[in-house]
Amino acid sequence: MKKVLITGAGTGLGRGAAISLAQAGHQVIATTEIWSQVSELRKHIEELGLQDRVTVDKLDVLDARDIAAVSGWDFDTFVSNAAIGDCGPLAEIPVELVRRTFETNVFANLELTQRVIRTWVDAGTAGRIVIVSSMGGMLTAFGLGPYCATKHALEAIAATLRDELAPTGITVQTINPGAYLTGFNDRLADTTFRWLDDSVHFNRAEDVKARFAEILADQFDPQDMIDKMVEIIGAEHGKYRNVWPPATEELIKQVQETAWTRAV
């Protein structure tokens, strides 16, 4: 049995993984960004009869008090899953939106991860850090560049921590989901149209919407990814990098191979 802390459990894959991990017999601290999500998730957990296995609490990765509270929680597996995204064509997106995405997805998550590491090192806990990256951590897609850039940064952080922490017994894994129909990818696309303006920008809104529609047309059933996350997180041992589904892993390998021979 693992004792799992997971961030970003208010919605999507994080919520599904938190519930399914508990149903698989693990103890879970499921954290959400805002209090209304805490209340709703607690009610749902009670309806499922999982209140003895799941503790729901608020953990906004941008809130210093929330981060400080983590040191008092009992867990041996940390799943860093919380993420946001402001997107659109990278050539024109306001840089402050990119900076905001980096602040949450990279800097705040790194600060929280450092807190977890120090707590474990001081206690002599050989825990495991699971960083939920994305297929976007190893390739890019039109309009999703700001989000992909943050996930590329997380890939570097994860690989560095993996090697740095080896002497402590703390292990690191990444999970790289493909495109799953949780609503998150569609919300990323929607953020574009809060700033994109045909009277100002050379990327036309109609064209951008068409590109997004093409990219988002083929998304997988999220339960498939949730089941895989439970398998990976709950295992005693496993691979460092975990891309799912297999078709996404093959796509990433093809894109990376092509980059070595692509001409300009």
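Preceding this paragraph is the structure being described.
Since this is a predicted model, take the numbers as computed values, not measurements.

(A) Representation of the nonpolar core in the model. In terms of nonpolar packing, the biggest core is built from 28 residues, with Ile6, Val28, Ala30, Val54, Met229 and Ile233 touching the most fellow members. Residue contacts for Val28: discarding those within four places in its chain leaves Val4, Ile6, Ala18, Leu21, Ala22, Arg53, Val54 and Thr55. Counting 26 residues, the second largest nonpolar core, distinct from the first, contains Phe75, Trp120, Val172 and Tyr240.

(B) The packing of aromatic side chains, seen in detail. Here the structure, examined in full by the defined rule, presents six aromatic pairs. Relative to Trp120, the ring of Phe75 lies with its centre 5.7 Å away and its plane at 55 degrees, an arrangement referred to as tilted. One end of the pair, Phe75, is in the loop between α3 (64-69) and β4 (77-80); the other, Trp120, is in helix α4 (residues 95-123), with 45 residues separating them in the sequence. A single burial state applies to Phe75 and to Trp120, both of which are buried.

(C) Structural view of the pairing of strand β5 (residues 128-132). Taken across its five residues, β5 has five buried, putting it largely inside the fold. Residues Arg128, Val130 and Val132 of β5 are buried on one face, and the alternating residues Ile129 and Ile131, pointing to the opposite face, are buried as well. Bridge count for β4 against β5 is four bridges, and the pairing is parallel. Each residue of the ladder has a partner; that of Thr77, found in β5, is Arg128. A crossover links β4 with its parallel partner β5, the connecting element being α4, and its sense is right-handed. Across five bridges, the pairing between β5 and strand β6 (residues 171-177) is parallel.

(D) Quick look at a negative patch on the surface. A surface patch of negative charge is lined by Asp197, Asp198, Glu206 and Asp207. Relative to the elements of secondary structure, Asp197 occurs in the loop between α6 (184-191) and α7 (205-216). The partly exposed category is assigned to Asp197, whose relative accessible area is 34%.

(E) Structural detail: the pattern of salt bridges. In the structure shown here, the tally under the stated rule is ten salt bridges. A salt bridge links Asp122 to Arg118; its shortest N-O distance comes to 2.8 Å. Within this pair, Asp122 and its partner Arg118 are both found in helix α4, separated by four residues, close to a single helical turn. Exposure class is identical for Asp122 and Arg118. Each is exposed. Between Glu155 and Arg241 there is a salt bridge whose closest N-O contact spans 3.2 Å. Taken together, the residues span a long stretch of sequence, with Glu155 in helix α5 (residues 145-164) and Arg241 in strand β7 (residues 241-244) at a distance of 86 residues. Several salt bridges share partner residues, and in doing so they unite Lys58, Asp63 and Asp66 into one network.

What counts and how
- Residues numbered from 1 in each chain as written.
- Predicted model: local features only at pLDDT ≥ 70, side-chain atom pairs only at ≥ 80, totals over all residues.
- Heavy atoms only, no water.
- Core = buried A, V, L, I, M, F, W, Y, C linked by side-chain atoms within 4.5 Å.
- Buried < 20%, exposed > 50% of the residue type's maximum accessible area, 1.4 Å probe, protein only.
- Contact = heavy atoms within 4.5 Å.
- Phe/Tyr/Trp six-rings, centres within 6.5 Å; stacked < 30°, edge-to-face > 60°.
- Helix = DSSP H or I, 4+ residues; strand = E, 2+ residues; numbered from the N terminus.
- Pairing = 2+ DSSP bridges.
- Right-handed = clockwise from strand over helix to strand, strands pointing away.
- Patch = residues over 30% accessible without salt bridge, like charges linked within 9 Å, V, L, I, M, F, W, Y side chains within 5 Å.
- Areas by Shrake-Rupley, 256 points an atom, 1.4 Å probe, with all protein chains shown as cover.
- Salt bridge = Lys/Arg side-chain N within 4 Å of Asp/Glu carboxyl O.
- Lys, Arg positive; Asp, Glu negative; His and termini not counted.
- Charge placed at Lys NZ, Arg CZ, Asp CG, Glu CD.

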